[in-house]
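# Examining the three-dimensional arrangement
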Amino acid sequence: MTSSTNVSCFHEARRVAIFGGTHGNEMSGVTLVNLWIQNGKEIHRKGVETKPFITNPRAVEKCTRYVDTDLNRAFTTENLSAPSGDDLPYEVQRAQQINEIFGPKGSPEAYDVIFDLHNTTSNMGCTLILESSKDHFNLQMMHYIKKAIAPDSCPVLLTEHPLLKYSTSRSVAKHPIGLEVGPQPQGVLRSNIFESMRVVLKHALDFIELFNEGLEFPPCTVDVFRVSEKMDYPRDTNGNIIAMVHPNLQDCDWEPLNPGDPMFQTFDGTTLRYEGAGTVYPTFINEAAYYEKQQAFVTTRRETLAAGAIKKT
Ligand SMILES: CC(=O)N[C@@H](CC(=O)O)C(=O)O
Ligand SMILES: [Zn+2]
């Protein structure tokens, strides 16, 4: 067998977009994208058209997550195929426009790559979000970024899950990549968070340039954290929250949580413990935007994915 039989070929990643302001109060992405709209020199790469784009301008203007509904949940087939009109929620109208410009989602005309820039109030560091374990192009890119950024770490969160997966803005692209950097409060810019987001984007664009130049990337493996279970805050019968994230768990994103470990602390100081089966790795711990989604954190499990060799056609 010749080595080339194991190489997956992809078209050049010529059309690339960088989304900021999918959530209007996540300031690193909003600020970087606005900078790059003014001057795109930093994101220019040979043989690549990179378009910086503010996805939810009305939410950015109000510095709020969204106006009518969460844009990063709005890219469902139902929404995208609904008859368009002013009566639709603002973000659904916006999703349709974005799908026209960068999609259509699932079609050969769709953009090759979309980076969607997010911030979290959780202590997640610089996290790459992968939507499909079978996307070898993205796996290779994430492998490249992890190597380039070492000894700093860059965990990969895999959101592939039958119930917990959601319809993101970036999902209109052939290769959707979320970048989630924290901790940063909503509406706030922190220089360290801003800079680490910028550095990851730099490496990502370098990878695309090398790929388009014809470099072959050999098979590799990527350690990922696969989303497993959504954990809500403990509540009373009226739905009111009766406990907080336990101090031993707060800020401990990506660290092992074992059966019997403290998880929540009630207002009178009682510790509630994790009673699941086996070790999990919580993340999005105490994310501000997830109170409305009844989510205190999400558990993940570690997995190693194999990426085949890739090369441009
Ligand atoms: C805090 C936050 O907004 N996180 C993103 C994660 C993602 O882009 O997949 C979201 O919930 O849409
Ligand atoms: Zn966000």
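Residues numbered from 1 in each chain as written. Chains lettered and ligands numbered in written order. Predicted model: local features only at pLDDT ≥ 70, side-chain atom pairs only at ≥ 80, totals over all residues. Heavy atoms only, no water.

### Let's talk about the layout of surface pockets
Within this model, the largest pocket holds a volume of roughly 250 Å³. Taken together, 14 residues line the largest pocket, and the ones lying closest to its centre are Arg73, Leu164, Tyr166, Lys230 and Gln295. Looking at the lining of the largest pocket, its residues break down into 8 nonpolar, 2 polar and 4 charged. Of the residues that make up the lining of the largest pocket, three or more belong to each of domain 1 (3–224 + 306–312) and domain 2 (231–297). Put simply, the second largest pocket is a space of about 190 Å³. Lining the second largest pocket we find 13 residues, and of these Lys146, Ser153, Cys154, Pro155 and Phe225 sit closest to its centre. (1 Å grid on protein atoms, 1.4 Å probe; cavity = no way out; pocket = protein on both sides within 12 Å on 5 of 7 lines; lining within 4 Å. Points joined across faces, edges and corners; volume = space filled by probe spheres on them. Nonpolar A, V, L, I, M, F, W, Y, C, P; charged D, E, K, R; others polar. Domains from an automatic or database assignment.)

### A look at the coordination of the zinc ion (ligand 2)
Tetrahedral coordination by four donors sets the ideal angle at the metal to 109.5 degrees; octahedral coordination by six donors sets it to 90 or 180 degrees. For the zinc ion (ligand 2), the protein coordination sphere consists of His23 (ND1), Glu26 (OE), Glu26 (OE) and His118 (ND1), at 2.1 to 2.3 Å. Here the donor residues of the zinc ion (ligand 2) are spaced in sequence according to H-x2-E-x91-H. Exposure class is identical for His23 and Glu26. Each is buried. (Donors = N, O, S within 2.8 Å, 3.2 Å for Na, K, Ca; no water. Buried < 20%, exposed > 50% of the residue type's maximum accessible area, 1.4 Å probe, protein only.)

### Some points on the packing of aromatic side chains
Across all of its chains, the model carries 15 aromatic pairs by this definition. Taking 4.8 Å as the distance between ring centres and 70° as the angle between the ring planes, the aromatic pair formed by Phe102 and Tyr111 counts as edge-to-face. In this pair, the class of Phe102 matches that of Tyr111, namely buried. In textbook terms, an aromatic cluster arises when at least three aromatic residues are bridged by ring pairs, as seen for Phe10, Phe137, Tyr144, Phe207, Phe211 and Phe217. Above the plane of the ring of Tyr90 lies Arg58, whose end atom (NZ or CZ) is 4.4 Å from the centre. (Phe/Tyr/Trp six-rings, centres within 6.5 Å; stacked < 30°, edge-to-face > 60°. Lys NZ or Arg CZ within 6 Å of the ring centre and 35° of its normal.)

### Some thoughts on the domain arrangement of the protein chain
Looking at the assigned domains, one finds that the protein chain contains domain 1 (3–224 + 306–312) and domain 2 (231–297). A straight line from the C-alpha centre of domain 1 to that of domain 2 covers 28 Å. Contact residues are listed per partner, giving 14 residues for domain 1 and 13 residues for domain 2. Between domain 1 and domain 2, a total of about 1,200 Å² is buried, with carbon and sulfur atoms accounting for 50% of that surface. Summed over the three residues of domain 1 that lose the most area to domain 2, namely Thr121, Asn123 and Met124, the buried surface amounts to 35% of that side. (Contact = heavy atoms within 4.5 Å. Buried area = accessible area lost by both parts, 1.4 Å probe.)

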